[in-house]
Each structure stands twice: as C-alpha cells, then as structure tokens.
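Next come the chains, spelled out residue by residue.
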Amino acid sequence: MLTVVLAGLRGRWASFVGGFTALALGVGLVTVMGLGLSATVGADERAPVRFADSPVVVQGQDRLAVEVRRGPGTAVTTAPLDRPQPVDAELLRELRARWTVTTTTSGAPDAVGVDGPADQVRALVTRLTGDRNRVLTGPDRRAVDPEAARDARALVTLNALLGTAGGVTAFVSVFVVASTFAFSVALRRREYGLLRTAGATPGQVRRLLLAEATAVGVLASAAGCLLGAWGAPRLARALVDGGIAPPWFTITTSGTSWPYHAAFWTGVTVAVAGALAASRRAGRIGPTAALREADVDADALPRGRALCGAALLLGGLALLTWTYATDPAELLKRKTYTTLPMPLITGVALLSPALVRPMARAVRLPERLSGATGMLVRENSAAAVRRTAAVAAPVLVTVALAGTLLGTVGAARAAESARQPAGAPTSLFVRDGAEALVKYGARAVSGGAAAGAVPGGLDDRSIVVTEEFERHRVGDTVEIWRADGSGPVRLRVAGVLPRGAGGNEPLVTPANAPGVLDQASTGASAGAGPAGGGSQTRLGLVLVLGIALLYTVIALANTLLMATSARGPELASLRLVGATRAQILRVVAYESLLATALGAVLGLAVCALCLGTLGAGLAALGAPVRPDLPWAALGAAGAVCATVAAAGAVLPAWRLTR
C-alpha cells in the first residue's frame, strides 16, 4: 500500500499541489494565531513608568464598595472605578512628614510615589484609611500608569480578533481541502475503476485515498508550522503599526509549543476529514468506470451530500430566524454575524451541483457569444457540474463572508450614529436588585443632544436608561454611583432606549460624569474614539477577509489547473472539428468566468438573506437604517476571482493546444 501511495503522489503531484498549499497556509495561519493568543495571554509584565524610581506607590481608592444582600445577611461587593479617587488628604500629609513623596500631577493626586519601607507605609495607610487606599510595590506599580488600562483593552481586542481570524481560517481551510479532495476523486474515476478491475476492493481504494490525504496532511502541516514561525513576528509588527496591539507587543516563536501541536494536528485532521467523504465515494466506484468516456456528471449530487446540505441550509435559516425573533440585537454582535453565515454558506455549497446546472442554462450571454462559442460555454458548464460547482464554491465563500461582515459592521455603525447622541464615555454603577452591583458603560451628553431619545430633555437630576435596567419606566427613580465612586445619587428616568442598535448605553449630563470635559469639547473627543475603533475594526476585517480571498485564489487556481489539464481529449476533438486555438481559449476562459459569476450570485443570495434579516431586526429595534451591500469590496473581490479563474483555465489550455 505504501508503495502505491508514494507512486501516486509522485505521478500525480500536480493534483495535490493545491490541497498541499491550502493546508500548509491554513496550518501556518493557525500557528500564527495560536502564537499570537499565547503572547496576549502570557504577556510579560511591563516595567512601571509613572513612578519608576519610587519603591512604593500609594494609590487612591480605585474600587467602589457597596453593601448587598447575601442570603439572610449582607456582604460588601466591589467594582473597579474608571479612575481612582485622590489619595486621602490626611494620609498624604503624614506620608510627606515621614518620607520623600513624589507626585506627577498638580492638585489632588490619585497616586504618589513614596521613598520608604513598604511595610511601614502599608501599616500607616491601613491605620488611617483602612482599605480605601492601596499600597503597590514591584511590578504592581504599573497599575497607576495611564497606559496600563489602555494596553489591557488592546489585548482584549487583539484576543477577539485573533480568535475570529482563527475560526474563519479553520472554516475556509476545511471547506477548500474537502472540495479539493472531492474534485480530485471525480477526476480520477477511471483510475479507481482500473484499480477495481485489477482486483482492488472498495476498502482498499478508500484506504489508498486516506493514506494519500494523511501523507499530504503530515507534509503540509510540517511546512505550515515553519511558515507560521516565520510569519508570527511580522504579524505582530503589522498589528502594532495598525494600532490594534500595544507598542511593546511582540510574538515570540520559542518558549511555548502548544500552538505548534494544535496547528499540526489540526492540519492532519483537516486533511483526513476532508478526504473521508471523498474516500467513501471512491470506494463505490465500480470496475465499469474504467470504460467511461462521457464527461457529463450524472451523479454529481449524491443522496448523502444532498441531505447534509439541506440540513445545514435549513438549520442555518432556523438559527437566523430564531435569533431575529428572540433577540434582534444579537445580530449585531461579532460572534453572531461571523458564525451565522457559515452553515448557510456550507449548505448552499453542498447543494451547488443541483443549482449551477439550471443557473448555467438560464443565464443570458452577451450578443457576441450567441453563436457556437456561447452554446459550448453554456452546455459545457451545465454538463460538467462538478467542475462548475468546484469553481463556484470558493467564490461563494468569499462573496458571502465579505458581504455579510462588511455589510453588518456598516449597518451597526450607521445605527449607532443615528440612535446614539455624540458624547464622552463614562460609567455608572447600579444595584441590580438587592444582590448585585452592575457597572454600565454610559455617555455624558447635554440635554439638547439627547432630545431625540428624550422628548422632554435631559437635566442634571435625570437619566436615560436602557431596557436592561431593573427600573426602566419613565418617571421611576434610579439610584446610581458615578464613575469616580461618588454617590449614591437618585435620578429620575427621563427616557428609555431599546436594547441594541446603538441604543445600549444610558445617558447622563456631564454633571453626573466626573472627569468628563465640558460638552463643547466632548464632541471632538467623542468623535475620535469611534474613529480609532473604526480603523482597528477595518484592519481586523481586512485580515479576516484577506484570508478568505487568499484561499479562494488557491482553490480556483488548483481546481482549474486540474480540471483543464484533464480536458486534453476534449480540446483535441474541438480542434479536429475546425475550432481555432483562439476560439478554444475563449471557450475555457468564458466557462471559468461563468462559473465564477454563478458563485458570486450564490454568495450574494446568502448576503441578501443575512442582511435582510438584519434590516428587519434593526427595524424591530427602531433604528432607521437599511443595510447595504459593500459593492466596492465585492467588486474588487470578484475581479480578483475572475482574473485568477481565467488565468487558471487559459494557461493549461494554451499548453494543451500547442
């Protein structure tokens, strides 16, 4: 068996190049994402900056402590403040009387450096303030650096981005590798028929194909791990340059082994799993297949594939409908709009052999293709269903992902701009019942800026809440603590914002948002935040969609190189009946373009379904926004796919017709 496998790999190396490349790239990307996640989780402690020369730092109260009910008694629960309160004045006087004290701000400082013994400083702080003020030593002194909170938020964002990119990589790599092996089996029907004629059993044919997949998987996974080790530091530099990662962030390729193990064994598993379904089909090929010459695909959609595709499509539709019916705001969350299209895409791709034949015959070609060339293009595409579907499937993936991701993000931004008044970010603390303390992200706005949400206006004694608040009826009274821990303050509910669609942040005036600038300067600062976040989001989407487009290019080139290289007798027959070389090249080019267009249409159908549901959800949330397809991005992706497809078909055809 091993001899046959190695001989097959040597003799048919061109058939495995695409699968090897796609798998090596996938393993490389998974390795990079794993190394990146490892770097974010195990990031080295940064040296203190603000009080680098002080052995001890005393910080003002940085947590709000509130008494809540716990069973029959009570307990104190805490929540972090946005900014610490000033160090107690009496404590500051005692510290200055005993040791050298360093401050970095004018006025009442939120933290000071103390050049004194840590145990003595801690004893003084405990005696005078209890647990209101904290004593920090060693690496913990970095907690008072302004960059510490920003870097922590950046690492959280980076974790989410790398996780999303890793998930898309895994999905697309499984998709491409599985379709590559399936199409390879379709092209090798006669070869498997000859093996059956020579006495090979169905089990031996299946084991042969799985052994080939395992060999390709091991080699490609090893190459992918090396590729990931090379690319990880370069990705870190790109993330830093794009403002997603902190300036000090790096990815080391040594010191941790789990990303390599995870990527390697994932690659081998993907290769074997991708070939498993194809091996079952190969085992069902009978000896008579060796005598077949027809290129018409009569059994392009087996019953198992049809049932699986229908189940995924119906399941995806049910999940989309359920999300819209139960919680429309969920449609705007990253995990939801990233994963919801995947079962729909996979279901449509599995059913594509049944879809492309009627679509190819129904398409109206341009006037210049109305003669024999147009007839050949249309009928060849409809007859060779496997080839047409194999070309359309990766285009479907790219178009559907690009349309849904970019369309959803654009709609979410528009909804937020339409529904949420411009304002500076702040925080509020509210009791949830009697048992918990909840911290809400809020916005400080002027009464006029909130007029759209509050017909009667917003003043210093009122608040606009969301439906998530326990008390959310107009006229109710809500007890809150401000961002600096001051309070409690009782505010009247002046308006209620529905959940989601940018209306998920309560609104207060600057008087209830300590530390926020006056409203005149708030507009500028508020606009800067979304702008920065928008650029980071765009860079993240470019990374995710770039992965999908790269896989599509590999899949298109591999499929068309394999398919066109196997059409030697067909192209020779066309030459015998009088077709010129230029006519033949035009036929294969137009066939590839037609298959690409069919994939784009199927992808647009998935986009329309997802974005249509999102539009209905936004309407239910009261957001006057209609999601639009990102035509510029889709046009660019379609142009790349069409160019690669035409080149992948014309180059081998040009060689065969010399």
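Residues numbered from 1 in each chain as written. Predicted model: local features only at pLDDT ≥ 70, side-chain atom pairs only at ≥ 80, totals over all residues. Heavy atoms only, no water.

## Quick look at helix 11 (residues 341–362)
This is how the line gets drawn: The numbering of helices and of strands both runs from the N terminus, where a helix is a DSSP run of H or I of at least 4 residues and a strand a run of E of at least 2. Expected helix span is computed as 1.5 Å times (number of residues minus one). Axes are fitted to the seven residues ending at a residue and to the seven starting at it; the angle between these axes is taken as the bend at that residue.
Helix length check: helix 11, at 22 residues, gives a terminal C-alpha distance of 27 Å against a target of 32 Å (1.5 Å per residue), a shortfall beyond 12%. At Ser 352, helix 11 shows its maximal bend, which comes to roughly 60 degrees, and the proline Pro 353 appears one to four places after that position.

## Some thoughts on the pairing of strand 3 (residues 73–80)
Going by this rule: Between any two strands, pairing holds if DSSP finds at least two bridges.
Sheet analysis places strand 2 (residues 63–70) next to strand 3, joined by 8 bridges and oriented antiparallel. From the neighbouring strand, Arg 70 faces strand 3, where its bridge partner is Gly 73. Linking two consecutive strands that pair antiparallel, namely strand 2 and strand 3, is a turn of 2 residues; a positive phi of about 65 degrees is found at Gly 71 within it.

## Notes on the environment of Thr 339
When you line up the elements, Thr 339 lands in helix 10 (residues 334–339). Taking the C-alpha atoms as reference points, Thr 339 and Phe 171, separated by 168 residues in sequence, lie 9.9 Å from one another.

## Remarks on the packing of helix 11 against helix 12 (residues 372–383)
Going by this rule: Inter-axis angles, ranging from 0 to 180 degrees, are taken between N-to-C directions of lines fitted to C-alpha atoms, where helices are fitted over the stretch in contact. Roughly parallel means an angle under 35 degrees; roughly antiparallel means over 145; roughly perpendicular covers 65 to 115; every other angle is labelled oblique. Note on definitions: a residue-residue contact is assigned when non-hydrogen atoms from the two residues lie within 4.5 Å. Each residue is assigned to one class: nonpolar for Ala, Val, Leu, Ile, Met, Phe, Trp, Tyr, Cys and Pro, charged for Asp, Glu, Lys and Arg, and polar for all the others, Gly among them.
Running from N to C, helix 11 and helix 12 cross one another at 170 degrees; their axes reach a closest spacing of 8 Å. Considered as vectors, helix 11 and helix 12 are oriented roughly antiparallel to each other. Contacts from Arg 357, Ala 360 and Arg 361 in helix 11 reach Arg 378, Glu 379, Ser 381, Ala 382 and Ala 383 in helix 12. Taken together, the residues that form the contact of helix 11 with helix 12 break down as 3 nonpolar, 1 polar and 4 charged.

## Things to note about a nonpolar patch on the surface
Our working definition: The patch calculation keeps residues exceeding 30% relative accessible area without a salt bridge and links them within 9 Å when they carry like charges or within 5 Å when they are nonpolar (Val, Leu, Ile, Met, Phe, Trp, Tyr). Here the open area of atoms and residues is found with the Shrake-Rupley method and a 1.4 Å probe, where only the protein chains shown may cover a residue. Any carboxyl oxygen of Asp or Glu within 4 Å of a side-chain nitrogen of Lys or Arg constitutes a salt bridge here.
Residues Leu 314, Leu 317 and Leu 609 make up a contiguous nonpolar surface patch of about 240 Å² in total accessible area. Within the secondary structure, Leu 317 sits in helix 9 (residues 303–326).

## Considering the pattern of salt bridges
The cut-off we apply is this: A 1.4 Å probe rolled over the protein chains alone gives each residue an accessible area, and that area as a share of the maximum for its type sets the label: buried under 20%, exposed over 50%, partly exposed in between.
By the definition in use, this model includes 9 salt bridges. Its salt-bridge partner being Arg 134, residue Asp 62 comes within 3.2 Å of it at the nearest N-O pair. Of this pair, Asp 62 sits in the loop between strand 1 (56–59) and strand 2 while Arg 134 sits in strand 6 (residues 134–137), and the two are 72 residues apart along the sequence. Judged by its relative accessible area of 16%, Asp 62 falls in the buried class. With a relative accessible area of 33%, Arg 134 lands in the partly exposed category. In this structure, Glu 591 engages Arg 387 in a salt bridge whose closest nitrogen and oxygen atoms are separated by 3.4 Å. Of this pair, Glu 591 sits in helix 16 (residues 581–620) while Arg 387 is found in helix 13 (residues 385–419), placing the two residues 204 residues apart along the sequence.

## Quick look at the side chain of Ser 54
Position of Ser 54 relative to the elements: it lies in the loop between helix 2 (13–41) and strand 1. Not counting the four nearest positions on each side in its chain, Ser 54 is found in contact with Thr 102, Gly 113, Val 114 and Arg 141.

## Brief notes about the nonpolar core
Which entries qualify depends on this criterion: Side-chain atoms within 4.5 Å are what join buried Ala, Val, Leu, Ile, Met, Phe, Trp, Tyr and Cys residues into a set we call a nonpolar core.
Judged by nonpolar contacts, the single largest core of 85 residues is most densely connected at Val 172, Phe 249, Ile 345, Leu 401, Tyr 551, Val 606 and Leu 618. With 13 residues, the top contributor of residues to this core is helix 13. Once you skip the residues sitting within four places of it in the chain, Phe 249 turns out to touch Gly 36, Ala 39, Thr 40, Leu 155, Leu 158, Ala 236 and Val 240. In this structure, Leu 91, Val 101, Val 112 and Val 114 belong to the second largest nonpolar core, which totals 14 residues.

## Notes on the confidence of the model for the protein
In plain terms, the rule: A residue's pLDDT is the confidence the predictor assigns to it, expressed on a 0 to 100 scale.
Mean pLDDT over the protein: 79, with 84% of residues reaching 70 or higher. Mean pLDDT values over the elements of the protein span from 61, in helix 1 (residues 2–11), up to 91, in strand 1. Contacts of residues 517–533 to residues separated by more than four positions or lying in other chains number 14 contacts, the stretch itself having pLDDT below 50.

## Here we look at the sheet that holds strand 6
Reading across from one edge, 4-5-1-6 is the order of the 4 strands in this open sheet, with antiparallel pairing throughout. Each of the sheet's edge strands pairs with one partner strand only, and the pair in question is strand 4 (100–102) and strand 6. Strand-to-strand twist across the sheet, computed as the mean angle between neighbouring axes with direction ignored, equals 30 degrees. Bridging between strand 4 and strand 5 (residues 111–115) involves 3 bridges; their strand directions are antiparallel. In the sheet register, Thr 100 faces strand 5, and the bridge partner there is Asp 115. With respect to the sheet, helix 4 (residues 118–129) is in contact with strand 1, strand 5 and strand 6, its orientation differing from that of strand 6 by roughly 165 degrees.

## Looking at the side chain of Arg 482
Counted only if it meets this: As used throughout, the charge tally considers Lys and Arg to be positive and Asp and Glu to be negative, leaving His and the chain termini uncounted.
Along the polypeptide, Arg 482 turns up in the loop between strand 10 (477–481) and strand 11 (489–497). In this structure Arg 482 is buried but unpaired, with Asp 484 as the nearest side chain of opposite charge at 5.7 Å. Not counting the four nearest positions on each side in its chain, Arg 482 is found in contact with Ser 427, Phe 429, Val 489, Ala 511, Asn 512 and Pro 514.

## Observations concerning the packing of aromatic side chains
Our working definition: In this analysis, rings of Phe, Tyr and Trp, with Trp reduced to its six-membered ring, are considered paired at centre separations within 6.5 Å, and the interplanar angle assigns stacked below 30 degrees, edge-to-face beyond 60, and tilted for intermediate values.
All told, the structure shown has 1 aromatic pair when counted by the stated rule. Note on Phe 264 and Trp 265: the rings are 4.9 Å apart at their centroids and 90 degrees apart in plane angle, and the pair reads as edge-to-face. Residue classification places Trp 265 among the exposed residues on the basis of a relative accessible area of 52%.

## So, the environment of Gly 546
Looking at the element boundaries, Gly 546 is found in helix 14 (residues 519–565). Exposure remark for Gly 546: the relative accessible area of 35% places this residue in the partly exposed category. Between the alpha carbons of Gly 546 and Thr 398 there is a distance of 9.2 Å; along the sequence they are 148 residues apart.

## Examining the environment of Ser 221
Here is the rule we go by: Side-chain atoms alone can form a polar contact between residues adjacent in sequence; in general such a contact is a pair of N or O atoms within 3.5 Å, and within protein one must be able to donate a hydrogen while the other accepts it.
Its place among the elements puts Ser 221 in helix 7 (residues 202–241). Look at Ser 221 and you get buried, because its relative accessible area is 0%. In this structure the C-alpha to C-alpha distance between Ser 221 and Val 27, which are 194 residues apart in sequence, comes to 5.8 Å. With residues up to four places along the chain from it excluded, the contact list for Ser 221 reads Val 27, Phe 264, Gly 267 and Val 268. A distance of 3.4 Å separates a polar side-chain atom of Ser 221 from the backbone nitrogen of Val 268.

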